[in-house]
Amino acid sequence: MERYSMLPTNTHRTSKVSDAMNNLRLDNRRSTINTRTSSGRTSLYGRQSISMGNNSIMKDPRPIKEKRWQTAAIQKLVSFLINSGYPHPVAPKTLASPSSKDFQQIFKFLYSHLDPYFEFLKKFEEEVPVILKSLRYPFADQITKANLFTVGSLHAWPTLLAMLIWMVELILCVEQLGDDGDIDESLTDPEKAEKQFFDYLSKSYAVWLAGASDFEEIDTVLTEQFAEKDEKIKKSLKKVSNDYSILFAEYEKLTQNESPLTQFERQHSILESDRDKYKTYIEHIEVKRQKLQESLLSLTQESTNSEEMVKKLTEERIALTSQVENQELSPSDVDRMIAERDQLKKTLELTGSQLDSSNKAVWNKEIAVQKQMDILERRVQRYNTLLYELDLLENDNPKYQHLSKELEIFMHQTKPESMVSVNLRKEAKPAIHSLIEDFKTSSFKLSDEKLGLQEQIDNLNWKIVKKEEEVGTTESQIQILNQRYCQDKEQIGQVLQSSASEIAKLERQCHDMKMEAKQIQNASQTRLTKIQKEYEEQVRKSTQEREALMCEVVGALSTSFNFQQGISQSLDDLLHIAKENLDSVMHESP
């Protein structure tokens, strides 16, 4: 679904950017009016073009081929277009592979912020390289006509996207320059400072030529001008001091409580201990399971042999019965039958002893099953403990309703699904999977918030660097004025001595304040970077350990359930076989 801009066109900002760009053009043209040489020609902004002898193309240091960088760049471009009143529909999905028409509209809209009076008279593919070179885009040689014809291709779009982002940053920079022009106008232009001092000397010389000796009014004007500059410097330093106070308050807040690194290390050691215990316990259960499987196979073999023996004896009894009915009995037959009866009694006694052995084996298996049930109870207790630690008990969230109550075991139930209070396979297991997905989603949200904070920190660092450059420029200007003041000191006389001492005092104060602010900024930046790295590392470790723990819990529950179900089925089959054997023996006995 495409997103349409609901904001009006920001004509005020456009005119401000245009005025700033025009001022830059006029200043550059004024300073380079006589710089034309045979090796190149003056560009649109007054800068002499440089001829590269080896025709080398500068490589873009930005990771424009990475998907993550492209996504962030598209979001930044879309945000700027919407906030600037872009008249056409725009969305991140559209800019993932834009058409030539979309690219032309976006480029023309961005360039209109830099030069609102420019008209595209030639073909678009011919105008763009010229415009980029006039804007002094560092990688203009990488923008070819082939790229402009195939805008949405995989090899062309990253380069064009990087160029659009550069234009956005240029617009924001020029806009910032226009916003700060009134404040720093007298501080960033050395020619104005020279002109100011020259006017002062001219006026003083004119008064002196007129025969007057009172320079108080002229000195007052110069003093007010210096006081105004000093006030601007103080405001700048005050802003830097406020930024430092905010960063220091955040640092104090982070250092008051226990270090997150210590907390995560302690939690990590606990999780590692639990993991080792689970591994040991699972190995023990595996050994028990193998032994029970061997015992079950032995009992099954014995039961099969008993069934075959009973079947054989039954057939013999039927055969003897039919034989007795079909023939007359003689004394010898009676003796033979008595002997066979004695033999059958012995067989019956042997079968009874085998039945006792089977009962004893069943008793031993019941004891083993009871031990397994005790182990299962401990595992259920561990499961309930984990629910409590994850704050899932009595949770009102419908997604975790099957995890909001403790798991209970009913020992006297015969069916596996009735032995626990929650259906582990159909209810608990999907809820645990949903919990894992929620944890992953929370981790992704924290990563997005971290990226936003990092962007804010980068903007603040950029502002601090800019202020440092302004303070350095101011310091150099003050030094130049101080040197000129010393050279003309004897001509002006004793009247300017008080002003000279005041200028020197202001210079020292500015230098001291600059050094102090720079030290404070470096210390704050170092601390902030260290804390950020520790936070990212702990978030990553916590996420990995939480996912590993969840996987182990799910595996353990699944193993326990399958083991319980197998044991129950084996006991039911064994009990059924024993009952059948007992009934058969009871029927055969006289």
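Keep in mind that this is a model prediction, so the values were computed, not measured.

Visitor: Can you lay out the overall build of the protein for me, pointing to particular residues and giving the numbers?
Guide: Looking only at helices and strands, one finds 15 helices and zero strands in the protein. Split into buried and exposed, the 590 residues of the protein put 30% on the buried side. Sequence separation of 24 or more characterises 71% of the internal contacts of the protein that already satisfy a separation of 6 or more. Of the roughly 38900 Å² of accessible surface on the protein, a fraction of 55% belongs to carbon and sulfur atoms.

Visitor: Describe a negative patch on the surface, with residues and values.
Guide: A surface patch of negative charge is lined by Glu307, Glu308, Glu580 and Asp583. Within the secondary structure, glutamate 307 sits in helix α11 (residues 260–326).

Visitor: Explain the packing of helix α4 (residues 100–114) against helix α5 (residues 124–134) to me, using residue names and the numbers behind them.
Guide: The interhelical angle for the contact between α4 and α5, taken along N-to-C directions, is 40°, at an axis separation of 12 Å. By the angle between their directions, the pair α4 and α5 is classed as oblique. Along this stretch, α4 crosses α5, giving a crossing that reads as left-handed. Taking contact as the criterion, the partners of Phe103, Gln104, Phe107, Lys108 and Tyr111 in α4 are, on α5, Phe124, Glu125, Val128, Ile131 and Leu132. Across the contact of α4 with α5, the residue classes break down as seven nonpolar, one polar and two charged.

Visitor: Tell me about α4, and name the residues and values.
Guide: Taking 1.5 Å of rise per residue, 15 residues should cover 21 Å, and α4 covers 21 Å from first to last C-alpha, within 8% of that figure. Among the residues of α4, those classed as buried are Phe103, Ile106, Phe107, Phe109, Leu110, Tyr111, His113 and Leu114.

Visitor: How would you sum up helix α10 (residues 216–256)? Please name residues and give values.
Guide: When the terminal C-alpha atoms of α10 are compared, their 57 Å separation across 41 residues agrees well with the 60 Å that a helix rising 1.5 Å per residue should span. Listed as buried for α10 are Ile218, Asp219, Leu222, Phe226, Lys229, Asp230, Lys232, Ile233, Ser236, Leu237, Val240 and Leu247.

Visitor: Which residues make up the pattern of salt bridges, and what values go with them?
Guide: Under the counting rule described, the total for this entry stands at nine salt bridges. Ionic pairing is found between lysine 76 and glutamate 169, a salt bridge with its closest N-O pair at 3.3 Å. Here lysine 76, found in helix α2 (residues 67–83), pairs with glutamate 169, found in helix α7 (residues 157–179); they are 93 residues apart in sequence, far enough to count as distant. The exposure class of lysine 76 is partly exposed, given its relative accessible area of 32%. A salt bridge links glutamate 470 to lysine 467, with the shortest nitrogen-to-oxygen separation between them at 3.4 Å. Highlighted residues: glutamate 470 and lysine 467, both in helix α13 (residues 424–487), separated by three residues, approximately one helical turn. When its relative accessible area of 13% is taken as the criterion, glutamate 470 is described as buried.

Visitor: Describe a nonpolar patch on the surface, naming the residues involved and giving the relevant values.
Guide: Together, Tyr205, Trp208 and Leu209 make up a nonpolar patch on the protein surface, roughly 390 Å² of accessible area in all. The topology assignment puts tyrosine 205 in helix α9 (residues 190–209).

Visitor: Quick rundown of the nonpolar core? Include the residues and the values.
Guide: As a rule of thumb, soluble globular proteins bury nonpolar side chains together. Among the nonpolar cores identified, the biggest contains 43 residues, and Leu77, Leu110 and Met163 are the most heavily contacted of them. Secondary structure elements with two or more residues in this core: α2, α4, α5 and α7. Of all the elements, α7 adds the most residues to this core, at 13 residues. Apart from the residues within four sequence positions on either side, leucine 110 is in contact with Leu77, Phe80, Leu81, Leu164, Met167, Val168 and Ile171. Counting residues in each nonpolar core, the second largest holds eight residues, with Ala428, Ile432, Ile436 and Val554 among its members.

Visitor: Report on unusual backbone geometry, specifying residues and quantitative values.
Guide: If you check the backbone angles, arginine 136 has positive phi at about 65° while not being a glycine. Using a relative accessible area of 32% as the deciding quantity, one classes arginine 136 as partly exposed.

Visitor: Give a detailed account of the packing of aromatic side chains, specifying residues and quantitative values.
Guide: Across all of its chains, the model carries 12 aromatic pairs by this definition. Seen in terms of ring centroids, tyrosine 137 and phenylalanine 139 are 5.7 Å apart; in terms of plane orientation they differ by 85°. Their pairing is edge-to-face. Across the pair, exposure class does not vary: tyrosine 137 and phenylalanine 139 are buried alike. Taken together, Phe103, Phe107, Tyr111, Phe118, Phe120 and Phe124 form an aromatic cluster joined through their ring pairs.

Conventions we followed
- Every chain is numbered independently, its residues counted from 1 as its sequence is written.
- With pLDDT at 70 or above as the cut-off, local features in this predicted model cover only qualifying residues; side-chain atom pairs require 80 or more to be listed or tallied, and sums for whole chains, interfaces and linings still use all residues.
- Values shown for side chains rest on all heavy atoms present in the structure; no hydrogens or waters enter the calculation.
- Only DSSP runs of H or I covering at least 4 residues are called helices, and only runs of E covering at least 2 are called strands; the numbering of each starts at the N terminus.
- Here the term buried applies to any residue with accessible area under 20% of the maximum for its type, exposed to any over 50%, and partly exposed to those in between, with areas from a 1.4 Å probe on protein chains only.
- Only heavy atoms matter for contacts: two residues are in contact if any of them lie within 4.5 Å across the pair.
- The method behind every accessible area is Shrake-Rupley, applied with a 1.4 Å probe, and residues are considered shielded solely by the protein chains displayed.
- Any residue with relative accessible area above 30% and no salt bridge may belong to a patch, with like charges joined within 9 Å and the nonpolar Val, Leu, Ile, Met, Phe, Trp and Tyr side chains within 5 Å.
- Whenever a carboxyl oxygen of Asp or Glu lies within 4 Å of a side-chain nitrogen of Lys or Arg, that contact is scored as a salt bridge.
- When charges are tallied, Lys and Arg are placed among the positive residues and Asp and Glu among the negative ones, while His and the ends of the chain are skipped.
- Charge placement uses NZ in Lys and CZ in Arg. For Asp and Glu, CG and CD serve respectively.
- Every angle, taken between N-to-C directions, lies between 0 and 180 degrees, and every axis is a line fitted to C-alpha atoms, over only the stretch in contact when it is a helix.
- Any angle that is under 35 degrees is reported as roughly parallel, and any over 145 degrees as roughly antiparallel; angles of 65 to 115 degrees are reported as roughly perpendicular and all others as oblique.
- Should the near helix be turned counterclockwise from the far one by less than a right angle, the crossing is left-handed, whereas a clockwise turn marks it as right-handed.
- Residue classes follow a fixed rule: Ala, Val, Leu, Ile, Met, Phe, Trp, Tyr, Cys and Pro count as nonpolar, while Asp, Glu, Lys and Arg count as charged, and any other residue, Gly among them, counts as polar.
- Each residue after the first adds 1.5 Å to the expected span of a helix.
- Put simply, buried Ala, Val, Leu, Ile, Met, Phe, Trp, Tyr and Cys residues joined by side-chain atoms within 4.5 Å make one nonpolar core.
- Paired rings are identified among Phe, Tyr and Trp, the last through its six-membered ring, by centres lying within 6.5 Å, and are further divided according to the angle between planes into stacked (under 30 degrees), edge-to-face (over 60) and tilted (the rest).

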